Amino acid sequence: MTTVTTLYFGDMLPPSTDAESRREHVLVGTATPIQLDVRPIEHHLTPQGTVCIGTFHEDRAIGRCAIPRESVKDFLEMDLFDDPVALALNVRKGGPGMEGSLLALVPMDQATRGNREPDEPWKTSVPGAGYDAASDSGDGDSSSTHLAGIFLGEVVRFETDRREPKSMLREAADMLACVIRGRVASVGGRLIEDLTATPEG
């Protein structure tokens, strides 16, 4: 049986925080952490002066983003993905339909251990590190873990492909499930399909 792909990779750079804050959005995440393989890859759409970082789960591509070339070594040496991490997808309406930013929820105490400068260097090394995905529980427990959302890439679902048009939350959950299963294709291929499609009648 042929699997119809409805999810596509979007831009490699995180969206503008200011623009995103004005749009309706929902955040969904995985119930349990999953193991990721994050490594540099070759991609023809990589912006000049950057390196494309691919994210893989069980050998399936689930994300790609661009990091400044001079920051790649520092980013990889932080070993943020040695252990399984939770994933989150921040989905908002816009563009051709639904757009989602894929985030890895990483314990920042691990990433910044032994580094006490006021401005942590990882913030300039990690694309989209401005996403504060989670914080402490608010009960004053010093043992609580602080998490930050590390941007792994953008995904897009066209309006005509929506599976849950009446529920943005269920749509977001379905998009995240497709990401984890590796059912993501190149958006360029979809655009070519649309341009070459024969009009009905």
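Observations concerning the overall build of the protein chain
Along the protein chain, the regular secondary structure elements total six helices and nine strands. Across the 201 residues of the protein chain, 43% fall into the buried class. Partitioning the intrachain contacts of the protein chain with sequence separation of at least 6 by distance along the chain shows that 67% fall at a separation of at least 24. Put simply, the protein chain shows about 11,300 Å² of open surface, and 50% of that area lies on carbon and sulfur atoms.

As for the confidence of the model for the protein chain
Of all residues in the protein chain, 70% have pLDDT values of 70 or greater, and the mean over the chain is 79. Confidence, expressed as mean pLDDT per element, reaches its minimum in the protein chain at helix α4 (residues 122-125) with 42 and its maximum at strand β4 (residues 50-57) with 97. In the model, residues 113-130 has pLDDT below 50 throughout and makes 27 contacts with residues more than four positions away in sequence or in other chains. Contacts for the low-pLDDT stretch residues 191-201, under 50 throughout, to residues beyond four places or in other chains number two contacts.

Some details on the environment of Pro-40
Here Pro-40 is to be found in strand β3 (residues 37-41). Considered as a pair, Pro-40 and Gly-54 are 14 residues apart in the sequence and their alpha carbons are 5.9 Å apart. Those residues in contact with Pro-40 that lie beyond four places of it in its chain are Val-51, Cys-52, Ile-53, Val-72 and Leu-76.

Thoughts on the nonpolar core
Side chains of nonpolar character tend, in soluble globular proteins, to be buried together. Within the largest apolar cluster, 42 residues are counted, with the highest numbers of intra-cluster contacts made by Leu-36, Phe-75 and Phe-81. Listed by contribution, the elements that provide at least two residues to this core are β2 (25-29), β4, β5 (60-68), α2 (72-77), β6 (86-94), β7 (97-107), β8 (147-158) and α5 (168-180).

Description of the sheet that holds strand β9 (residues 185-186)
One open sheet holds the six strands; their spatial order is β2-β6-β7-β8-β1-β9, and the pairing between them is mixed. A strand with exactly one partner marks an edge of an open sheet, and here the two such strands are β2 and β9. When strand β1 (residues 8-9) meets β8, the two strands line up antiparallel, connected through two bridges. Counterpart to Phe-9 in the pairing with β8 is Val-155.

With respect to the sheet that holds β3
Strand order in this open sheet of three strands is β3-β4-β5, and the pairing throughout is antiparallel. Pairing within the sheet leaves two strands with one partner each, and these edge strands are β3 and β5. Direction aside, the axes of adjacent strands within the sheet are offset by 30° on average.

Definitions and cut-offs
Residues numbered from 1 in each chain as written. Predicted model: local features only at pLDDT ≥ 70, side-chain atom pairs only at ≥ 80, totals over all residues. Heavy atoms only, no water. Helix = DSSP H or I, 4+ residues; strand = E, 2+ residues; numbered from the N terminus. Buried < 20%, exposed > 50% of the residue type's maximum accessible area, 1.4 Å probe, protein only. Contact = heavy atoms within 4.5 Å. Areas by Shrake-Rupley, 256 points an atom, 1.4 Å probe, with all protein chains shown as cover. pLDDT = per-residue confidence, 0-100. Core = buried A, V, L, I, M, F, W, Y, C linked by side-chain atoms within 4.5 Å. Pairing = 2+ DSSP bridges. Axes fitted to C-alpha atoms, helices over the stretch in contact; angles between N-to-C directions.

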